[in-house]
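Results of the structural survey
Letter by letter, the chains look like this.
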Amino acid sequence: MLDMIGVGPFITLPLILTAMGGPQAMLGWILGAVLALCDGLVWAELGAAMPEAGGSYHFLRTIYSGRDGKGKLGRFLAFLFIFQLTFSAPLSVASGCIGLSQYAAYIFPSLGGHTAARMLHVGPYSAGIAAGPGTLVAIAAVLVAVFLLYRGLASVRVLTVAMWCAVMGTIAWILVTGVMHGHLRQAFTFPPGAFHLTPAFFTGLGSAMLIATYDYWGYYNVTFLGGEVKDPARTVPRAILISIGLVAAIYLAMNISVIAVLPWQRLVGVGDLNARRAVISLFMETAYGPHLGPMLGKIAAVLVMVTAFASVFSLLLGYSRIPYAAARDGNYFRIFGRLHRGGFPHISLLVLGGAAICFCFFSLADVIAALVVLRILVQFLMQHIGVIYLRRTQPEMPRPFKLWLYPLPPLVAIAGFSYILIERANFQREILGAGVVILAGTAVYWLRARLDKTITSGRVSES
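The structure displayed is predicted, hence computed values, not measured ones.

**Description of the pairing of strand S1 (residues 116–122)**
Of all seven residues in S1, zero are buried; the element is thus mostly exposed. Here seven bridges tie S1 to strand S2 (residues 125–131), and the two strands are oriented antiparallel to one another. From the neighbouring strand, Val122 faces S2, where its bridge partner is Tyr125.

**Some thoughts on the packing of helix H4 (residues 26–49) against helix H10 (residues 199–216)**
Between H4 and H10, the least distance of the axes is 8 Å, while the angle of their chain directions is 55°. As summarised for this structure, H4 and H10 are arranged oblique, according to the angle between their axes. The two elements H4 and H10 meet at a crossing, and its hand is right-handed. Each of Leu27, Gly28, Trp29, Leu31, Gly32, Ala33, Leu35 and Ala36 in H4 lies in contact with H10, whose residues at this interface are Phe201, Leu205, Ala208, Met209, Ala212, Thr213, Asp215 and Tyr216. In terms of residue class, the contact of H4 with H10 is built from twelve nonpolar, three polar and one charged.

**Focus on the nonpolar core**
Grouped together as the largest cluster of nonpolar side chains are 149 residues, with contacts concentrated most on Tyr103, Tyr216, Tyr219, Ile240, Leu316 and Phe417. Tallying contributions element by element places helix H6 (residues 72–107) first for this core, with 19 residues. Ignoring anything within four residues of it in the chain, the contact list for Tyr103 reads Phe10, Ile11, Arg277, Ala278, Val279, Ile280, Ser281, Ala301, Val304 and Met305.

**Examining the packing of helix H7 (residues 133–150) against helix H15 (residues 346–359)**
Running from amino to carboxyl end, H7 crosses H15 at an angle of 175°, the nearest separation of the two axes being 9 Å. With respect to their mutual orientation, H7 and H15 come out roughly antiparallel. Contact residues: H7 offers Ile139, Val142, Leu143, Val146, Leu149 and Tyr150, while H15 offers His346, Leu349, Leu350, Gly353, Ala356 and Ile357. Among the residues making up the contact of H7 with H15, the classes are represented as ten nonpolar, two polar and no charged.

**A few points about the pattern of salt bridges**
Scanning all chains against the criterion turns up six salt bridges. For Glu45, the salt bridge goes to Arg391, with nearest N and O atoms at 2.8 Å. Separated by 346 residues along the polypeptide, Glu45 in helix H4 and Arg391 in helix H16 (residues 364–393) bring together distant segments of the chain. For Glu45, a relative accessible area of 2% translates into the label buried. Under the relative-accessibility criterion, Arg391 is labelled buried at 19%. Among the ionic pairs, Arg429 bridges to Glu430, the shortest N-O distance being 2.8 Å.

**Notes on H7**
When the terminal C-alpha atoms of H7 are compared, their 25 Å separation across 18 residues agrees well with the 26 Å that a helix rising 1.5 Å per residue should span. Restricting attention to buried positions, one finds in H7 the residues Gly134, Thr135, Ala138, Ile139, Ala141, Val142, Ala145, Val146 and Leu149. What you see down the axis of H7 is that its buried residues fit within an arc of 150°, all on one side. Where H7 is buried, its residues contact H6, S2, helix H13 (279–319) and H15.

**Structural notes on the packing of aromatic side chains**
For the coordinates displayed, the defined rule picks out 26 aromatic pairs. Ring centres of Trp43 and Phe380 lie 5.8 Å apart, and the angle between their planes is 65°; on these two criteria the pair is classed as edge-to-face. Taken as a pair, Trp43 in helix H4 and Phe380 in helix H16 lie far apart in primary sequence, 337 residues in all. Phe380 gets classed as buried once you look at its relative accessible area, which sits at 0%. Over the face of the ring belonging to Tyr406 we find Arg391, whose NZ or CZ atom lies 4.0 Å from the ring centre. Over the aromatic face of Phe333 sits the side chain of Arg448, whose NZ or CZ is 5.5 Å from the ring centroid.

**Considering unusual backbone geometry**
Tyr406 connects to Pro407 through a cis peptide bond whose omega is 5°. Assignment of secondary structure puts Pro407 in the loop between H16 and helix H17 (408–422). Phi is positive for Asp231, which is not a glycine, with a value near 50°. For Asp231, the position within the fold is in the loop between H10 and helix H11 (232–261).

**Here's the deal with the side chain of Ser92**
With respect to the helices, strands and loops of the structure, Ser92 is situated in helix H6. Leaving out residues up to four positions away in the same chain, Ser92 has contacts with Leu315, Tyr319, Leu371 and Arg375.

**Comments concerning a nonpolar patch on the surface**
Residues Leu37, Trp404, Leu405, Leu408 and Val412 make up a contiguous nonpolar surface patch of about 480 Å² in total accessible area. Mapped onto the fold, Val412 is located in helix H17.

**Some points on H16**
At 3.6 residues per turn, the α-helix brings residues three or four places apart onto the same side. Taking 1.5 Å per residue, 30 residues should reach 44 Å; H16 reaches 42 Å between its end C-alpha atoms and fits that length. Extensive coverage of H16 is indicated by the burial of 23 of its 30 residues.

**Considerations on the environment of Gly8**
In this structure, Gly8 sits in helix H2 (residues 8–11). Filtering out sequence-adjacent residues up to four positions away, Gly8 remains in contact with Tyr214 and Asp215.

**Notes on the environment of Leu37**
With respect to the secondary-structure elements, Leu37 resides in helix H4. Given the relative accessible area of 34%, Leu37 is considered partly exposed. For Leu37 and Ala413, which are 376 residues apart along the polypeptide, the C-alpha to C-alpha distance reads 8.8 Å. Not counting residues up to four positions away in its chain, the partners in contact with Leu37 are Leu241 and Ile244.

Calculation criteria
- Residues numbered from 1 in each chain as written.
- Predicted model: local features only at pLDDT ≥ 70, side-chain atom pairs only at ≥ 80, totals over all residues.
- Heavy atoms only, no water.
- Buried < 20%, exposed > 50% of the residue type's maximum accessible area, 1.4 Å probe, protein only.
- Helix = DSSP H or I, 4+ residues; strand = E, 2+ residues; numbered from the N terminus.
- Pairing = 2+ DSSP bridges.
- Axes fitted to C-alpha atoms, helices over the stretch in contact; angles between N-to-C directions.
- Parallel < 35°, antiparallel > 145°, perpendicular 65-115°, else oblique.
- Left-handed = near helix turned anticlockwise from the far one by under 90°.
- Contact = heavy atoms within 4.5 Å.
- Nonpolar A, V, L, I, M, F, W, Y, C, P; charged D, E, K, R; others polar.
- Core = buried A, V, L, I, M, F, W, Y, C linked by side-chain atoms within 4.5 Å.
- Salt bridge = Lys/Arg side-chain N within 4 Å of Asp/Glu carboxyl O.
- Expected span 1.5 Å × (residues − 1).
- Arc of directions from axis to C-beta.
- Phe/Tyr/Trp six-rings, centres within 6.5 Å; stacked < 30°, edge-to-face > 60°.
- Lys NZ or Arg CZ within 6 Å of the ring centre and 35° of its normal.
- Patch = residues over 30% accessible without salt bridge, like charges linked within 9 Å, V, L, I, M, F, W, Y side chains within 5 Å.
- Areas by Shrake-Rupley, 256 points an atom, 1.4 Å probe, with all protein chains shown as cover.

Below is the structure:
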């Protein structure tokens with residue numbers, strides 16, 4: 001649950017409401033939960049059947065390598081997963097840092113000013129970049145996290161407990177405030193034509209589901225630690241499915257509480273920039289009035305910033321180990337397999353941190369869209385196709401947990417993720433970016449393979 005919640009729900013509500021122009025965007029949360037459940041069932045079956053550490057890296061390599069485990073496709077797809085991770089992991093880290101900077105600007109308004117913005121154009125597609133005091137705060141968050149991790153602070157037990165308390169305490173505070181000061185009717189006051197099934201409705205729904213997917217993701221992280229989980233055949237499926245159910249209920253209740261107090265019209269478009277940047281702080285300020293509101297809003301901002309930094313810290317800690325493990329397995333660049341004298345993969349950490357700094361210059365919406373599209377194309381769709389393929393090619397494989405209503409969940413997940421990919425405004429931009437990553441990863445993989453083959457042949461000739 002902690003991996004799922006993170007900072008997402010504290011920064012994305014305005015994006016979801018804007019996607020559909022009103023509280024009907026809650027439909028995106030509901031359908032996102034259904035999609036997460038279907039996807040979670042796939043992860044549960046694979047995680048219970050293959051409980052080794054590594055998650056997707058191990059799944060893809062096993063599924064597509066055939067019965068004898070020697071197939072080249074599995075090794076290639078596992079490499080491609082790691083290659084995209086060197087982009088998607090920094091995007092995930094950057095989203096937390098951007099969210100942190102937005103709440104910092106609520107406490108110190110000067111951080112939100114003096115921002116220089118430019119548009120980058122690639123053919124008919126464009127993306128905005130910005131540089132200002134808020135950007136420097138986001139970059140500073142990355143640097144501090146890397147500095148702490150570079151000093152060998154590998155144990156995150158205390159930080160995890162603190163983050164859990166901050167997250168759940170903040171959510172409980174939001175729910176209680178919504179009950180005490182909210183007006184439920186306001187949360188369900190829809191604009192005219194909210195549910196007219198027009199092309200704009202379906203486009204907006206696709207955008208809302210993309211953001212909801214970003215917020216739900218994280219339930220699968222238990223599979224990356226499969227080798228360390230006690231009784232994974234039972235624990236992995238339960239952890240995934242129970243977390244999805246509980247977090248879906250928390251998200252719906254929390255967001256209804258917010259818009260029951262803070263009119264959703266303030267969160268749509270660019271009319272109220274402060275509300276869009278620090279929605280939870282403005283929620284507290286509105287609920288408790290001019291006397292207590294500003295102070296409680298700042299306390300809420302501090303809690304969200306603590307949560308954001310803790311998530312950035314733990315993301316960098318966990319993600320830096322994945323390219324390291326692949327490099328030690330001989331399926332990624334050797335330099336990522338180096339360990340600092342403190343016992344941590346410093347090259348991997350520095351590369352991911354450096355990439356995250358670059359992504360801090362982009363908008364939160366663009367970072368989330370790029371992250372979700374890249375992972376759907378290079379990770380999730382391959383696993384959903386893979387679980388069906390594995391059932392057909394290796395029916396004898398022990399499966400302690402079999403996903404319910406097979407093959408409906410993977411088919412629904414494939415349809416849902418495909419809908420998110422294409423049913424959005426300017427969806428071609430993110431797909432083009434993901435395509436560039438896939439082509440680059442493919443080229444690098446085959447160049448490495450040819451180079452290794454040449455080196456091996458040269459050694460044989462010398463012998």
